[in-house]
Amino acid sequence: MVEQQTQDMLNAADFDSRKLIKAMGKGVKGSRSLNFAEAAYLIKGFASGDISTAQMAAAMMLMRVRGESVEELAGVASGLKQLVSSQWKTIKADIDWPVYAGKREQLPWLLLAAKMLAKQGKTIVLHGDSQSLPHRRHVESYIAALDIPKCDNAETAAEMLAKTGLIYLNSADVIPVLNDCRALHQELGLRSFIQMSVRCVNPCNAAFSLRSYFHPGLDKLHHQVAALLAKDSCQREAADIAIFKGLQGETEINPRVSTRVGLLRFNGQHEANFAEINLPTQLEAFVGAKLGQADLSAAVLAQLWRAEDIAEADLSTAQLQQAIASVTATIALVNVLCNKGLAINDALEHAKKVWFERNKYVIQDSNVMGSSLWQHIENKVIPSTRHAVRS
């Protein structure tokens, strides 16, 4: 078995990067996974040219076949974070919101939740990669409909975040090596450690961060990776994190099922306190229901935000119910994460109230609230919020 490489060994001018590939690929009995420092070196070395494209491709395939270890995932995330410039890190947003999964057919309702939270004073950084899974509907394709700025440099990002409270970053604009990683994914036809590690970077050092997953077991992996990263010296301030199974893997709540959320909160010594909450099903009658939403356009997001009337043919009652329930449940989760001690049921009621009061405020000088769509919402979509709308 190839010996473990320490940080001093990795920093040596004559370090042979082939040792890392050999460590992972030396047969059934002789191979091993990379340690934290080696994994961080791997991604940084790929960015600097010390790790070749062939070596990175081999590393991706070897890890994928064996299954990535916690140290490998955390080490790569740490290495990616070290590649983020100080200009990005000093932006200091409130909420880090990775959006890498995309959806198979539905619209990204999470954008409405994020915009509402920004209106309440939160500063939010969305970051993703619309080209990593091109067959999915990614957030980046819909931000223009809600006037959410896409920023490709730190100066613009800081300016627009202060102005609007909500921005989107393409991850490769922050960490350019991710372009090369994506090219390898597409050439090999494989997922890799990058897809999970990039979600854990928190490029603007937000105080709170969201982590979504789809496949069983990834919640525990996210928990372990976050705890290990908190101990890493380059992570000076560990963000509190909410870990949950997202709608089609994306970072928003699925209102048709109950959602178990893991909350990781860190003290000043980077020690983790873990708790679980259960976000109850918001649409009991919809459990198991399949809602065809493949044909919905981005304009629907803008219409919902502006409280405009939408024809039933463009957005069915069932689709409308799911959209609003997803928005309010996601708002509630973020508020629970940001406000220790806030009960989930109280957060849900508050989220419903602010969502409808926001629409009432936006259109206070128009007659849209009296339209058929919004009467329909008041009376049928979430009846428990009628008192909030009428107050």
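The preceding data block contains the structure.
Nothing here was measured: the structure is a model prediction, and the numbers come from that model.

Trainee: Looking at this structure, how should I read the overall build of the protein chain?
Mentor: Scanning the protein chain from N- to C-terminus turns up 18 helices and seven strands. Residue burial in the protein chain is summarised as follows: out of 391 residues, 57% are buried. The contacts in the protein chain between residues at least 6 apart in sequence include a share of 74% that link residues at least 24 apart. As presented, the protein chain carries roughly 16700 Å² of accessible surface, and 49% of it is formed by carbon and sulfur atoms.

Trainee: Which parts of the structure should I look at to understand the pairing of strand S6 (residues 259-266)?
Mentor: Regular strands place their side chains on alternate faces of the sheet. Within S6, seven of the eight residues are buried, which leaves the element mostly enclosed by the surrounding structure. Of the strand pairs in this sheet, strand S5 (residues 240-245) and S6 are connected by three bridges, and their pairing is antiparallel. Its bridge partner lying in S6, Ile-243 is registered against Gly-262. Pairing of S6 with strand S7 (residues 272-279) involves eight bridges; the strand directions are antiparallel. Following the sheet pairing, Phe-266 is matched in S7 by Ala-272. Here S6 hands over to S7 after five residues, with His-270 in that stretch at a positive phi of 65°.

Trainee: What's the story with the pairing of strand S4 (residues 208-213) in this structure? I'm lost.
Mentor: In terms of residue burial, S4 counts as a mostly covered element, since six of its six residues are buried. Side chains Phe-208, Leu-210 and Ser-212 project from S4 onto one buried face, and the interleaved Ser-209, Arg-211 and Tyr-213 project onto a second face that is buried too. Alignment of strand S1 (residues 95-98) against S4, held across two bridges, turns out to be parallel. In the sheet register, Asp-96 faces S4, and the bridge partner there is Ser-209. With six bridges connecting them, S4 and S5 associate as parallel partners. Note that in S5 the partner of Arg-211 across the bridge is Ile-243.

Trainee: Would you mind showing me how to read helix H15 (residues 317-338) here?
Mentor: Residues three or four positions apart in an α-helix share a direction because the helix packs 3.6 residues into each turn. Taking 1.5 Å of rise per residue, 22 residues should cover 32 Å, and H15 covers 32 Å from first to last C-alpha, within 8% of that figure. Taking burial as the measure, the 22 residues of H15 include 20 buried ones, the bulk of the element.

Trainee: Help me understand the pattern of salt bridges in this model?
Mentor: If charged atoms from side chains of opposite charge come close, those side chains can pair. Enumeration according to the criterion identifies 13 salt bridges in this entry. Close ionic contact of Asp-96 with Arg-211 constitutes a salt bridge, the shortest N to O distance being 3.7 Å. Of this pair, Asp-96 sits in strand S1 while Arg-211 is found in strand S4, placing the two residues 115 residues apart along the sequence. Residue classification places Asp-96 among the buried positions, given a relative accessible area of 1%.

Definitions and limits used
Residues numbered from 1 in each chain as written. Predicted model: local features only at pLDDT ≥ 70, side-chain atom pairs only at ≥ 80, totals over all residues. Heavy atoms only, no water. Helix = DSSP H or I, 4+ residues; strand = E, 2+ residues; numbered from the N terminus. Buried < 20%, exposed > 50% of the residue type's maximum accessible area, 1.4 Å probe, protein only. Contact = heavy atoms within 4.5 Å. Areas by Shrake-Rupley, 256 points an atom, 1.4 Å probe, with all protein chains shown as cover. Pairing = 2+ DSSP bridges. Expected span 1.5 Å × (residues − 1). Salt bridge = Lys/Arg side-chain N within 4 Å of Asp/Glu carboxyl O.

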